[in-house]
Structures are given as C-alpha cells and as structure tokens.
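Commentary on secondary and tertiary structure
Below are the chains, spelled out letter by letter.
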Amino acid sequence: EFGPHTPLKLAAAWRATDTTVLHANYGDGFKAPSLYESFSQYSNPDSNLRPEVAHGWEVGVDQFALDGRVQATLTYFERRTSNLIDFQSCYVVSPPEPECTERAAAGGYYYNVGRTRSKGVEAQIAAALTDTLKLQVNYTDMTSTNLLTGQALQRRPHIQANGIINWTPVQDWSLGASVSYVGNRIDQYDTSVTPAAPFRNGSYTLTNLFGEVDFGKWALYGRIENLFDVHYQPELGYGAPGRAFTVGIRA
C-alpha cells in the first residue's frame, strides 16, 4: 500500500580521554498506519492516513568518575516528523470540525499532523554508592511542536524524571524503590476561542517498592506499585490503577 522505504542509521563514539566518551547518531524512521488506525471506527472519514517519516539525531557525552563507579550522561536530541499520526478527540472541539460530525459516536479520529519537531535534553547519573547500594536517576526536558500551528503537541509531557535505588546486602536477596514523575501536558485544545485554549492534564508522581529472594533454581519476589495510591489520568478520560500488591514465584 505504501511502497518501500530504506532507513539510514549512523552511530559513532569517540573515547576522548580515559574518563570521557563523546557519542552521536542519526536515524530515519518510517511508520505505516496500522489497520486499526485506518479502518476502525476511529479512522479518518475524509482522507486516507499517510505514513509517518522521521529524521532524528543526537549528540552527547558520557563522563566516568571514581574508577567507573559513577557515570553521568548528557544528551541533546532532535527529531522532525512528517505526517505524524495522532488522535483528535471530538469531546472539546467547539465548534466541531467536519470530521467530528462524522465521528461523533466514536468521539474522535486519527489524522496526520503535517510537520512536527521534538527536541530537548536528557541527563542521567548511575552510581554505585557502596558495594551493595546502587542509584540511577534520569531527567528529560523535551519540547514537541506542531510546526504548522506553533502549538505544543498533545499528550507529550515537557518534563519527565525517574529515580531507582537498589540495595543488595547479600547475593541472594535485594530490595529497591523507584519514583517516576510525569509533568503536566496539554491533552486537548478548545478551538472555540482564538488562540485555541489548552486543556491540561496535571502532573503526577508514582512510587513503587520491590524485592526478591533467590533460592537458586527458584526465587520469591514481591512489589507494591503506586505505593501512595495516587489518583491520576495518563490521558484525560482514562483511569489508572491505584495501589497494587504483587507476590510471585519465578522458577
């Protein structure tokens, strides 16, 4: 249906010193619309979806310290996409677009965003604090823009951050905790006003605990997800589980 596509991938790294590594890469992307996007009740009623084509690159540096016990990474990235496949909700669009009139029962439809750009920085630190305690933290600051309208792309958080700590006092068992933060993002736009007013989805922070005891050929593990029973919506209108407990055996 969409013909051939030949992607290009280039990557390079250079050890500038014993403790510093510079890295860069470039890559093309191609994504044909799925059968669901093209033919379900959410398909675009007025035009056939076109495939996404993307071009992305990044440059960064890895810095090692304390005999390799600490690794810090800083990366700048940018990606430009043509015909990005996205979903248009029809619940807050006012006055309704022609496509929403035909997809009123479904509540929305898939469409192509002509030209977009995502760019930002990622930072990460991984450290062996002691022989038994390891920590990893990462942070992403990203801006995603519809280049035809100048608006921020929907459902792309500007800030994300994660942290995870593992404690292994003996070889056979371990305990850990993780924290994830997702910043607020624009979920939809109200087009009844000029400029279009954004409907924002608030930020949230999730905390998880986990542990495992290894008995050789089998292991007992457990975890608590969403420890503080945070109520949040990954996307507006979509609920998420509250606190959850899991215990299992792995053989």
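Conventions we followed
- Residues numbered from 1 in each chain as written.
- Predicted model: local features only at pLDDT ≥ 70, side-chain atom pairs only at ≥ 80, totals over all residues.
- Heavy atoms only, no water.
- Pairing = 2+ DSSP bridges.
- Helix = DSSP H or I, 4+ residues; strand = E, 2+ residues; numbered from the N terminus.
- Axes fitted to C-alpha atoms, helices over the stretch in contact; angles between N-to-C directions.
- Buried < 20%, exposed > 50% of the residue type's maximum accessible area, 1.4 Å probe, protein only.
- Polar contact = N/O pair within 3.5 Å; in protein donor to acceptor, adjacent residues only side chain to side chain.
- Patch = residues over 30% accessible without salt bridge, like charges linked within 9 Å, V, L, I, M, F, W, Y side chains within 5 Å.
- Areas by Shrake-Rupley, 256 points an atom, 1.4 Å probe, with all protein chains shown as cover.
- Salt bridge = Lys/Arg side-chain N within 4 Å of Asp/Glu carboxyl O.

With that out of the way, let us pick up the sheet that holds strand β2 (residues 20-31). Here eleven strands make up an open sheet; going across it, the order is β1-β2-β3-β4-β5-β6-β7-β8-β11-β12-β13 and the pairing antiparallel. With one partner strand each, in any of the chains shown, β1 (9-15) and β13 (244-250) form the two edges of the open sheet. The sheet shows a mean angle of 15 degrees between the axes of neighbouring strands, direction not considered.

What follows concerns the side chain of Gln188. Position of Gln188 relative to the elements: it lies in strand β9 (residues 185-190). For Gln188, a relative accessible area of 9% corresponds to the buried category. In terms of polar contacts, Gln188 uses its side chain to reach the side chain of Ser89, at 3.2 Å.

On to a nonpolar patch on the surface. A contiguous nonpolar patch, built from Trp167, Val170, Trp173, Leu175, Val213, Phe215, Trp218, Leu220, Val247 and Ile249 and spanning about 940 Å² of accessible area, is present on the exposed surface. Elements with a contribution of two residues or more to the nonpolar patch: β7 (159-170), β8 (173-182) and β13. Its location among the elements puts Phe215 in the loop between β11 (204-214) and β12 (219-225).

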